[in-house]
Amino acid sequence: MSTENLPTEEDLPEQLRIRREKRASLLERNVEPYPVSVPRTKSLKEVREKYVGLEIDVATGDVESLTGRIIFKRDTGKLCFATLREGDGTELQAMLSLDKVGQEVLDSWKADIDLGDIVSITGEIITSKRGELSILANSWTLASKSLRPLPNDHKPMSEETRVRMRYVDLIVRPEARSNARMRPAVMKSLRDTFDKANFVEVETPMLQVMHGGAAARPFKSFSNAYDMDLYLRIAPELFLKRCVVGGIERVFEINRNFRNEGADSSHSPEFAMIESYMAYGDWMSIADLTRTLVQNAAMAVAGSHVVTHHDGRQADLGGQWKQISLYDAISNGVGESVTALTPYADLKKIAEKLGMKIDPKWITGKLAEEIFEHVARHLLVEPTFVMGFPVDTSPLVRAHRELPGVAEKWDLYIDGFELATGYSELIDPVVQRDRLVEQATLGSKGDLEAMQVDEDFLRAMEFAMPPTGGMGMGVDRLLMALTGLGIRETILFPLVKPEVD
RNA sequence: GGGCCUAUAGCUCAGUCGGUAGAGCAACGGACUUUUAAUCCGUGGGUCGACGGUUCGAGCCCGUCUGGGCCCA
């Protein structure tokens, strides 16, 4: 990187300039501000655990070398205090006294060490006269000099600063630390649940020649080596179904999908998703699997099926979950009977009466789904399976075994948002081809979310796919359901537009 | 896409009627051997998001743009 455009020392804000001067001053005195290693015999957490319950004003005689970031600093004339914090948030007090370290070392501590610096301190583990577990320094050494001041630890950072500088957020905000550690706990729980049910995890392409498996606009890219357009996947569905054809009868994938659409408090352009397929299952058995995945994840992070959101609200994810019919929900919401056979014109009248803005590109089923979202979605706070979606918006789903115009598809709603979807999969390759051709026709008419005809996928289907149930669930949204957080808090580094100078 | 709110010191925020830019924490200098957001005395730190307009005079009023948030679609 070029150094030409970096600000000169005089241009820097006062506090940044002073810290750079301190770094230079250390180097002048042959003190390394960024040493290759520093003494460390225990973590702060290990010390806290070992000496729990130690009485006031005790000297243990145990000498350790401990490291941590300086979070608070209380310098007095001859006895200085500082609070060290390590990555998981564990804190420990450090004490430096004139009679232990001498004038020169104490003066250097006061002058050279700032909030945010990482230090190593060697000394005896004691409790102070106020009972605080502490390390009383015999010596100390700088582990890494911070050139930027930490934000005020007692006022929350603004939401934008938290997202743009997550590394600082993780240093100062306990909830940021626990959120970051909740995601891997949930991932582990999901994989354990699948493993116990004999599912095999696979990884399928994210760079795809042809996108499919969902109704969404893709990100487009280009391969220099192959000289052709490539797409970032919007869903792994068509590859997982190839796996089922090949005999991986219980299969799942947890990984990132990319959708080139709007971003808001529940949509991120890249998001983690589970997809899973179970041969010889159907939409009901896959619903049971989905419920088990969610409930086990709740148990893993909350120790209970009742989870407590960050605002204190509790949500009960336990028991069997309510099932409602999509068209019943619409009928109740609009006060007249609506079915999958209700004609487009009637739906349009209903939507207009509701004051909805209607996109002329919407087909009949899409209009019904939009009416559902308008009248019923916000009511679905407790976990609810919404059963029976229109067949014309579900091109990869088999038709309902009894209800005409309906597909064996459910959406799972929690807290008013869609958490997961599940199907009895369409396995008739001839019908599948017709549906995809129909999609391609919509695409050629300008529907940017329509699917393409994937000939290789159809060829796989023609080798016979067993009857199968399938599901997809947003991992970020699962974390939202468990914590009540917005999607940008469940993702460590959500996409943000670059800062402008 | 539409509407509303928002951008001021390193961080979090005030800023009245358009008239010399404020606080807390942080920083700098000094005092202090048991502090817990230590305390006390003193000091410095600002392109008020960007550009344009109105005005004798703009952080404040108007317009455009950019970033962020919320609501609607």
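So, a few notes on the structure that sits alongside this text. Keep in mind that this is a model prediction, so the values were computed, not measured.

1. Some details on the sheet that holds strand β2 (residues 79-85)
Taken in spatial order, the five strands close into a barrel running β1-β2-β3-β5-β4, and their pairing is mixed. Taken over all neighbouring pairs, the strand axes of this sheet differ in orientation by 50° on average, direction set aside. Relative to strand β3 (residues 91-97), β2 is paired through seven bridges, and the arrangement is antiparallel. Residue pairing in the sheet places Leu84 in a bridge with Leu92 of β3. Where helix α4 (residues 103-112) meets the sheet, it contacts β1 (59-74), β2, β3, β4 (118-127) and β5 (133-144), and its direction lies at approximately 50° from that of β2.

2. Things to note about the protein's contact with RNA strand B
Near RNA strand B there are 39 residues, and of these Glu14, Lys22, Arg74, Arg130 and His154 occur at the shortest range. For RNA strand B, the fraction of protein-proximal atoms (within 4 Å) that sit in sugar or phosphate groups is 56%. His154 is positioned with one of its side-chain polar atoms (N or O) 2.9 Å from a sugar or linking oxygen of RNA strand B. In this structure, a phosphate oxygen belonging to RNA strand B sits 2.9 Å away from a side-chain N or O atom of Lys497. Put simply, the parts of the chain that give the surface near RNA strand B at least two residues each are α1 (14-28), β1, β2, β3, α3 (98-101) and α5 (159-164). Here the surface near RNA strand B takes four residues from α1, the largest share from any one element. Classifying every residue of the surface near RNA strand B gives 13 nonpolar, 10 polar and 16 charged.

3. A look at a nonpolar patch on the surface
A cluster of nonpolar side chains, Met165, Tyr167, Leu492 and Phe493, forms an exposed patch at the surface whose accessible area comes to about 400 Å². As for its placement among the helices and strands, Tyr167 is situated in helix α6 (residues 166-172).

4. Let's talk about the packing of helix α7 (residues 174-196) against helix α9 (residues 283-302)
Contact pair α7 / α9: the axes reach a minimum separation of 9 Å and the direction vectors enclose 135°. Judged by the angle between their axes, α7 and α9 are oblique. α9 is crossed by α7, and the crossing has right-handed handedness. Between α7, through Met182, Ala185, Val186, Ser189, Leu190, Thr193 and Phe194, and α9, the contact on the second element is made entirely by Leu289, Thr292, Leu293, Asn296, Ala297, Ala300 and Val301. Split into classes, the residues belonging to the contact of α7 with α9 amount to 10 nonpolar, four polar and no charged.

5. A word on the side chain of Asp169
Positionally, Asp169 belongs in helix α6. Setting aside residues up to four positions removed in sequence, Asp169 forms contacts with Met157, Arg162 and Ala176.

6. Details of the pairing of β1
For β1 and β4, the ladder comprises eight bridges, and the chain directions are antiparallel. Within β4, the position partnered with Val63 by the bridge is Glu124. Taking the residues that link successive antiparallel strands as the turn, the β1-β2 hairpin has four residues.

7. Some remarks on the nonpolar core
By size, the foremost hydrophobic cluster in this structure holds 41 residues, and its most contacted members are Leu190, Trp410, Leu419, Met473 and Leu478. Counting residues per element, this core draws most heavily on α9, which supplies eight residues. The contacts of Leu190, once residues within four sequence positions are left out, are Ile254, Ile274, Leu293, Met473, Val475 and Leu478. The next biggest cluster of nonpolar side chains, apart from the first, holds 24 residues, and it includes Ala94, Val101, Leu133 and Ile135.

8. So, the pairing of β2
Most of β2 sits out of view: five of its seven residues are buried. Pairing analysis gives five bridges linking β1 to β2, with the strands arranged antiparallel. The partner of Phe72 across the bridge, within β2, is Thr83.

9. A look at helix α15 (residues 475-483)
For α15, the buried fraction is high: nine of the nine residues fall into the buried class. Gly484, located one to two residues past α15, shows a positive phi value of around 75°.

10. Quick notes on the packing of aromatic side chains
Tallied over the full model, the rule gives six aromatic pairs. Plain terms: the ring middles of Trp321 and Phe385 are 5.8 Å apart, the flat faces sit at 40° to each other, and that makes the pair tilted. With Trp321 in the loop between β13 (314-316) and β14 (322-325) and Phe385 in strand β15 (residues 384-390), the pair connects residues that are 64 residues apart, well separated along the chain. Looking at Arg242, its charged tip hangs above the ring of Phe239, at a distance of 4.4 Å from the centre. Taking NZ or CZ as reference, Lys409 lies 4.8 Å from the ring centre of Phe389, over its face.

11. Focus: the sheet that holds strand β7 (residues 207-208)
Ordered by their spatial adjacency, three strands build an open sheet running β7-β9-β8, and the pairing between neighbours is antiparallel. Edge strands, defined here as strands with exactly one partner in the open sheet, are β7 and β8 (220-223). Inspection of the sheet shows β7 paired to strand β9 (residues 228-232) by two bridges, in the antiparallel sense. Looking at β9, one finds that Gln208 is bridged to Tyr231.

Reading the values: rules and limits
Residues numbered from 1 in each chain as written. Chains lettered and ligands numbered in written order. Predicted model: local features only at pLDDT ≥ 70, side-chain atom pairs only at ≥ 80, totals over all residues. Heavy atoms only, no water. Pairing = 2+ DSSP bridges. Helix = DSSP H or I, 4+ residues; strand = E, 2+ residues; numbered from the N terminus. Axes fitted to C-alpha atoms, helices over the stretch in contact; angles between N-to-C directions. Contact = heavy atoms within 4.5 Å. Near = heavy atom within 4 Å. Polar contact = N/O pair within 3.5 Å; in protein donor to acceptor, adjacent residues only side chain to side chain. Nonpolar A, V, L, I, M, F, W, Y, C, P; charged D, E, K, R; others polar. Patch = residues over 30% accessible without salt bridge, like charges linked within 9 Å, V, L, I, M, F, W, Y side chains within 5 Å. Areas by Shrake-Rupley, 256 points an atom, 1.4 Å probe, with all protein chains shown as cover. Salt bridge = Lys/Arg side-chain N within 4 Å of Asp/Glu carboxyl O. Parallel < 35°, antiparallel > 145°, perpendicular 65-115°, else oblique. Left-handed = near helix turned anticlockwise from the far one by under 90°. Core = buried A, V, L, I, M, F, W, Y, C linked by side-chain atoms within 4.5 Å. Buried < 20%, exposed > 50% of the residue type's maximum accessible area, 1.4 Å probe, protein only. Phe/Tyr/Trp six-rings, centres within 6.5 Å; stacked < 30°, edge-to-face > 60°. Lys NZ or Arg CZ within 6 Å of the ring centre and 35° of its normal.

These figures capture arrangement, not role.
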